[in-house]
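The residues making up each chain are set out below.
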Amino acid sequence: MGVVRNLRQVSADDAGVDMAFRADVHAGLSQAQKAVPARWFYDATGSALFEDITALPEYYPTRSETGLLTRHAADIAVAVGPGRAVVELGSGSSTKTPLLLDAIAPAAYVPVDISGDFLRDSALALAARFPGLAIYPVEADFTQRVSLPREIAALPKLGFFPGSTIGNMVARTAVDLLRDWREALGDGALLLIGIDRIKDVAILERAYDDPAGVTAAFNLNLLERINRELGGTIPVENFTHRAVWDDVHARIEMHLVAACAMDFTVDGRRYHMAKGETIHSENSHKYGPRDANLLLRAGRWTPVATWDDADPAFALILARATEFRSAP
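Remember, it's a predicted structure, so these values are computed and weren't measured experimentally.

Chemist: Which parts of the structure should I look at to understand the environment of Leu256?
Modeler: Within the fold, Leu256 resides in strand S11 (residues 251-258). Sequence spacing of Leu256 and Glu183 is 73 residues, and the spatial spacing of their C-alpha atoms is 36 Å. Leu256 has contacts with Asn219, Leu220, Leu222, Leu223, Phe239, Thr240, Glu277, Thr278, Ile279 and Ser281, leaving out every residue within four places of it along the chain.

Written out as structure tokens, the structure reads:
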């Protein structure tokens, strides 16, 4: 059947700019600690740079997760069963997806991603590889409420949330997201999620600050995107990339650091940054086994199986939608 249709659930203004992007940038640059949500990394350029990051020797998550999917495909297939609609959150180029689709014989595949170009390209590539599979791409921000295609309404569903992307969110936001998708995927749904474990700080910092500077380019592209899409005058050359481990919150933080004092505009609105001031662009939380299970349970998912990679530590967790219980 191949690709059937692309559903677009992004609100854009007359210039074609995502209105949520504009709102987040102005809100974030107006804070005492300036910040822009990490989901805005992923325009076409940012998505391509991230694919380059996943191939770096220092960036272990993709390698570890791919290894887990390969080694445990048969076990995952038994636990999941055939005939489910696979709904992938933040699908990107869907490089790991064929491993899962090959293993479980799904009835349909629904990639959800905010980067429309990458979404369409990856959907077409998967349609060629799986010509009998119904594919329904949804261009949307998966951190917001998403309407799933009506064609999969009656099918049992498997949410696929790879890449340890849940770690980009603080705990409260992660729980809200898990609850939203518990509701969207429905009773009887399963969730296969990648979780990055806490490990040696040197390994973590190299993974997010590679010697080749690819992650730095990825981070700086956020400023380039603001300039391109919002008429910004940010002097990108005056910023540097920083990735540091925050032991209190068990996370890597990425920042864009002002090398000098500067003024710039976005949409004609003026902003000032002092030398050394930063724009906080990403968190990447890491979870021990107990904390990961607590996070899932708070999000109304019950862990039923875990597959771990010890070196470096990474996990795939399969969870079942927790049934709602009415008050006695």
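Read on for the rest.
Chemist: Help me understand the nonpolar core, please; the structure alone is not making it clear to me.
Modeler: Generally speaking, nonpolar side chains in soluble globular proteins are found buried as a group. Judged by nonpolar contacts, the single largest core of 40 residues is most densely connected at Val25, Leu223, Phe239, Phe264, Val266 and Ile279. For this core, the leading source of residues is helix H9 (residues 214-230), giving 7 residues. In contact with Phe239, not counting residues within four places along its chain, are Leu220, Leu223, Ile234, Leu256, Val257, Ala258, Met262, Met273 and Ile279. Counting residues in hydrophobic clusters, the runner-up holds 34 residues, among them Ala85, Leu89, Ile193 and Tyr287.

Chemist: Hey, could you run me through the packing of aromatic side chains in this one?
Modeler: The geometry of an aromatic ring pair is captured by two quantities: the separation of the ring centres and the angle between the planes. Counting across every chain of the model gives 10 aromatic pairs. Both rings, one in Phe142 and one in Phe161, keep their centres 5.4 Å apart while their planes meet at 75 degrees; by these two values the pair is edge-to-face. One end of the pair, Phe142, is in the loop between strand S7 (138-139) and strand S8 (157-161); the other, Phe161, is in strand S8, and 19 residues separate them in sequence. Classification of Phe161 as buried rests on a relative accessible area of 1%. Between Arg225 and the ring centre of Phe21, over which it is positioned, the NZ or CZ distance is 4.4 Å.

Chemist: Whenever I open this one, the pattern of salt bridges confuses me. Can you help?
Modeler: Between side chains of opposite charge, pairing is possible as soon as their charged atoms come close. Enumeration according to the criterion identifies 19 salt bridges in this entry. Residue Arg39 pairs with Asp141 through a salt bridge whose shortest N-O separation is 2.8 Å. Pair noted here: Arg39 is in the loop between strand S3 (34-35) and helix H2 (44-54) and Asp141 is in the loop between S7 and S8, with a separation of 102 residues, a long-range link. Accessibility expressed as a relative area gives 24% for Arg39, which makes it partly exposed. Across the pair Glu139 and Arg120 runs a salt bridge whose closest N-O atoms are separated by 3.3 Å. Of the two residues, Glu139 is situated in strand S7 and Arg120 in helix H6 (residues 116-129); the sequence distance between them amounts to 19 residues. According to the relative accessible area criterion, Glu139 is buried, its value standing at 5%. Exposure remark for Arg120: the relative accessible area of 34% places this residue in the partly exposed category.

Chemist: Would you mind showing me how to read helix H3 (residues 60-71) here?
Modeler: In a regular helix each residue adds 1.5 Å, so 12 residues correspond to 16 Å; H3 covers 16 Å between its end C-alpha atoms and thus fits that length. By the burial criterion, the buried members of H3 are Tyr60, Pro61, Thr62, Ser64, Glu65, Gly67, Leu68 and Leu69.

Chemist: What am I meant to see in the pairing of S11 here?
Modeler: Each regular strand shows side chains that alternate between the opposite faces of the sheet. Judged by how many residues are buried, S11 sits mostly within the fold: 8 of 8 residues are covered. Between strand S10 (residues 239-246) and S11, which pair antiparallel in sequence order, lie 4 residues; one of them, Ala250, sits at a positive phi of approximately 50 degrees. Judged from the 7 bridges that link them, S11 and strand S14 (residues 278-285) form a sheet pairing that is antiparallel. Each bridged residue has a counterpart across the sheet, and for Glu253 the counterpart in S14 is Asn283.

Chemist: Would you mind going over the pairing of strand S9 (residues 190-196) with me for this structure?
Modeler: In terms of burial, S9 is largely enclosed, as 7 of its 7 residues are buried. By the alternation rule, side chains of S9 split into Leu190, Leu192, Gly194 and Asp196 and Leu191, Ile193 and Ile195, which are all buried. Note: S8 against S9, 4 bridges, orientation parallel. Bridged to Phe161 within S9 is Ile193. Of the crossover connections in this fold, the one passing from S8 over helix H7 (residues 171-185) to the parallel S9 is right-handed.

Rules used in this analysis
- Residues numbered from 1 in each chain as written.
- Predicted model: local features only at pLDDT ≥ 70, side-chain atom pairs only at ≥ 80, totals over all residues.
- Heavy atoms only, no water.
- Helix = DSSP H or I, 4+ residues; strand = E, 2+ residues; numbered from the N terminus.
- Contact = heavy atoms within 4.5 Å.
- Core = buried A, V, L, I, M, F, W, Y, C linked by side-chain atoms within 4.5 Å.
- Buried < 20%, exposed > 50% of the residue type's maximum accessible area, 1.4 Å probe, protein only.
- Phe/Tyr/Trp six-rings, centres within 6.5 Å; stacked < 30°, edge-to-face > 60°.
- Lys NZ or Arg CZ within 6 Å of the ring centre and 35° of its normal.
- Salt bridge = Lys/Arg side-chain N within 4 Å of Asp/Glu carboxyl O.
- Expected span 1.5 Å × (residues − 1).
- Pairing = 2+ DSSP bridges.
- Right-handed = clockwise from strand over helix to strand, strands pointing away.

By themselves, these are just geometric observations and shouldn't be taken as functional.
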